[in-house]
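In case you want the letters, here they are:
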Amino acid sequence: MKKEITFTMIKPFAVERQHVGQIIEAILEHGFRISALKMLKLTKIEAEAFYEIHRGRPFFDDLVQFMSSGPIVAAILEKDNAVEDYRKLIGNTDPSKAESGTIRHMFGSSIQKNAVHGSDSPENAIIESGFFFNQLERF
Ligand code: ATP
Ligand code: MG
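Fair warning: this is a prediction, and the values are worked out from it, not measured in the lab.

Criteria and cut-off values
- Residues numbered from 1 in each chain as written.
- Chains lettered and ligands numbered in written order.
- Predicted model: local features only at pLDDT ≥ 70, side-chain atom pairs only at ≥ 80, totals over all residues.
- Heavy atoms only, no water.
- Helix = DSSP H or I, 4+ residues; strand = E, 2+ residues; numbered from the N terminus.
- Buried < 20%, exposed > 50% of the residue type's maximum accessible area, 1.4 Å probe, protein only.
- Contact = heavy atoms within 4.5 Å.
- Near = heavy atom within 4 Å.
- Polar contact = N/O pair within 3.5 Å; in protein donor to acceptor, adjacent residues only side chain to side chain.
- Areas by Shrake-Rupley, 256 points an atom, 1.4 Å probe, with all protein chains shown as cover.
- Nonpolar A, V, L, I, M, F, W, Y, C, P; charged D, E, K, R; others polar.
- Arc of directions from axis to C-beta.
- Phe/Tyr/Trp six-rings, centres within 6.5 Å; stacked < 30°, edge-to-face > 60°.
- Lys NZ or Arg CZ within 6 Å of the ring centre and 35° of its normal.

1. Considering the environment of Lys3
At step 1: Turning to its location among the elements, Lys3 is positioned in the segment before strand 1 (4-10).
At step 2: For Lys3, a relative accessible area of 43% puts it in the partly exposed group.
At step 3: Distance in space between the C-alpha atoms of Lys3 and Glu48 is 30 Å, their sequence separation being 45 residues.
At step 4: With residues up to four places along the chain from it excluded, the contact list for Lys3 reads Glu78, Lys79 and Asp80.

2. Describing the side chain of Thr102
At step 1: Tracing the backbone shows Thr102 in the loop between helix 5 (82-90) and helix 6 (103-107).
At step 2: Contact partners of Thr102, with chain neighbours within four places excluded, come to Lys88, Leu89, Ile90 and Gly91.

3. Some points on the site of ligand 1
At step 1: Surveying the vicinity of ligand 1 reveals the residues Lys11, His54, Phe59, Leu63, Arg87, Thr93, Arg104, Ile111, Gln112, Asn114, His117 and Gly118.
At step 2: Lys11 places a polar side-chain atom, nitrogen or oxygen, 2.9 Å from an oxygen atom of ligand 1.
At step 3: Measuring from an oxygen atom of ligand 1, one finds a backbone N or O atom of Gly118 at 2.9 Å.
At step 4: Coverage of ligand 1 by the protein amounts to 79% of the 570 Å² it exposes when considered alone.
At step 5: Here the residues of the shell around ligand 1 sort into three nonpolar, six polar and three charged.

4. Notes on helix 7 (residues 122-132)
At step 1: For helix 7, the full list of buried residues reads Ala125, Glu128, Ser129 and Phe132. What you see down the axis of helix 7 is that its buried residues fit within an arc of 105°, all on one side. Pointing more than 90 degrees away from the buried face of helix 7 are the exposed residues Glu123, Ile126 and Ile127.
At step 2: Where helix 7 is buried, its residues contact strand 1, strand 2 (33-40), helix 3 (44-50), strand 3 (72-79), helix 5 and strand 4 (116-118).

5. Some points on the packing of aromatic side chains
At step 1: If you walk through the whole model with that rule in mind, you get seven aromatic pairs.
At step 2: Each ring, one from Phe32 and one from Tyr86, has its centre 5.6 Å from the other, and the planes form 80°; the classification is edge-to-face. In this pair, Phe32 sits in the loop between helix 2 (20-29) and strand 2 while Tyr86 sits in helix 5, placing the two residues 54 residues apart along the sequence. Residue Phe32 shares its accessibility class with Tyr86, and that shared class is buried.
At step 3: Their ring planes at 85° and their centres at 5.0 Å tell us that Phe50 and Tyr51 sit as a pair that is edge-to-face.
At step 4: Take Phe50: its relative accessible area is 10%, and that puts it in the buried class.
At step 5: Three or more aromatic residues joined by ring pairs make a cluster, and in this case those are Phe7, Phe50, Tyr51, Phe131 and Phe132.
At step 6: If you follow Lys79 out to its NZ or CZ, it ends over the ring of Phe32, 5.5 Å from the centre.
At step 7: The side chain of Lys113 reaches across the aromatic face of Phe13, ending 5.6 Å from its centre.

The structure is reproduced here in structure tokens:
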């Protein structure tokens, strides 16, 4: 049977701080297989489309501005129970509330600059993976 997938992005501040290697290492250590990976910079329009569900929230404009401010690393991760297990590995949205040992606790510096994104459901993982990767880029 095919394993579940989740989608992640390493956000601009964490890329700029050179945390990509350590974050990928933590992902692999926790048993995820990387089935797609790339570095790219989102346009404002693309960031708006990705975060469309948050349109209208007070933090939306800042979030779009931040997510299009520099390169990100996007990846598809595969594992049994990938979505839930990855949410556990990244920790609370607010790094100051994230448990020690979680990626956001280790590498996040604010609720906006919280190091990584992780899909919140298997359905959204499929949509988000398709947003970033075509079939030729998935293994
Ligand atoms: P993500 O979707 O990035 O994995 P999440 O599911 O934990 O994070 P969401 O509620 O989906 O959190 O919010 C999406 C992103 O919007 C957060 O990761 C964070 O960067 C930003 N965000 C959420 N709430 C706030 C807030 N109150 N102030 C500023 N930014 C926020
Ligand atoms: Mg979310």
